[in-house]
Amino acid sequence: MWRTNPARLATRSVAGRSAQPRLAGALIEGVIYMTVKIIELVGTSPENFGEAVENAVERASRTIRNISGVDIIKFSAKTEKGKIVEYRANVKIAFTVEDGEGV
């Protein structure tokens, strides 16, 4: 599903925090295996669908480190009097689990 360079994940800064987390994974025959967790969220915006996706990722990044990808599942909108008043994006966000973190 998501292909990300694990070395890049280990050194990236998330939500203004500079960290080098210990990723839960193993090196077997030159291949790094990691545990990735996926959560589903709905982002909203009064402006557009792109901003709804960005809002979901930004909100998740406040409490989740090592976000490695986002999969957009569905777009929808709330309407009133024939006008769109809220854009919604259902997304799945993947992040690498650190050592000692439950799955």
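These notes cover the structure that comes with them.

Rules behind the numbers
Residues numbered from 1 in each chain as written. Predicted model: local features only at pLDDT ≥ 70, side-chain atom pairs only at ≥ 80, totals over all residues. Heavy atoms only, no water. Helix = DSSP H or I, 4+ residues; strand = E, 2+ residues; numbered from the N terminus. Expected span 1.5 Å × (residues − 1). Buried < 20%, exposed > 50% of the residue type's maximum accessible area, 1.4 Å probe, protein only. Polar contact = N/O pair within 3.5 Å; in protein donor to acceptor, adjacent residues only side chain to side chain. Pairing = 2+ DSSP bridges. Axes fitted to C-alpha atoms, helices over the stretch in contact; angles between N-to-C directions.

1. As for helix α2 (residues 49-61)
The end-to-end C-alpha distance of α2 is 19 Å, a good match for the 18 Å that 13 residues give at a rise of 1.5 Å each. All of the buried residues in α2 are Ala52, Val53, Ala56, Ala60 and Ser61.

2. Section: the side chain of asparagine 66
Mapped onto the elements of the fold, asparagine 66 is located in the loop between α2 and β6 (67-80). Among the polar contacts listed, one links the side chain of asparagine 66 to the side chain of glutamate 98, at a separation of 3.1 Å.

3. Some thoughts on the sheet that holds β6
Spatial ordering of the open sheet is given by β5-β7-β6, a layout of 3 strands whose pairing is antiparallel. Each having just a single partner strand, β5 (36-45) and β6 make up the two edges of the open sheet. Along the sheet, successive strands turn relative to each other by an average axial angle of 15 degrees, direction set aside. Here β5 pairs with strand β7 (residues 83-96) via 10 bridges, running antiparallel. Its bridge partner being in β7, leucine 41 is matched across the sheet by valine 91.

4. Observations regarding unusual backbone geometry
With a phi angle near 65 degrees, asparagine 66 is a residue other than glycine that sits in the positive phi range. On the basis of relative accessible area, asparagine 66 is assigned to the buried category, the value being 3%.

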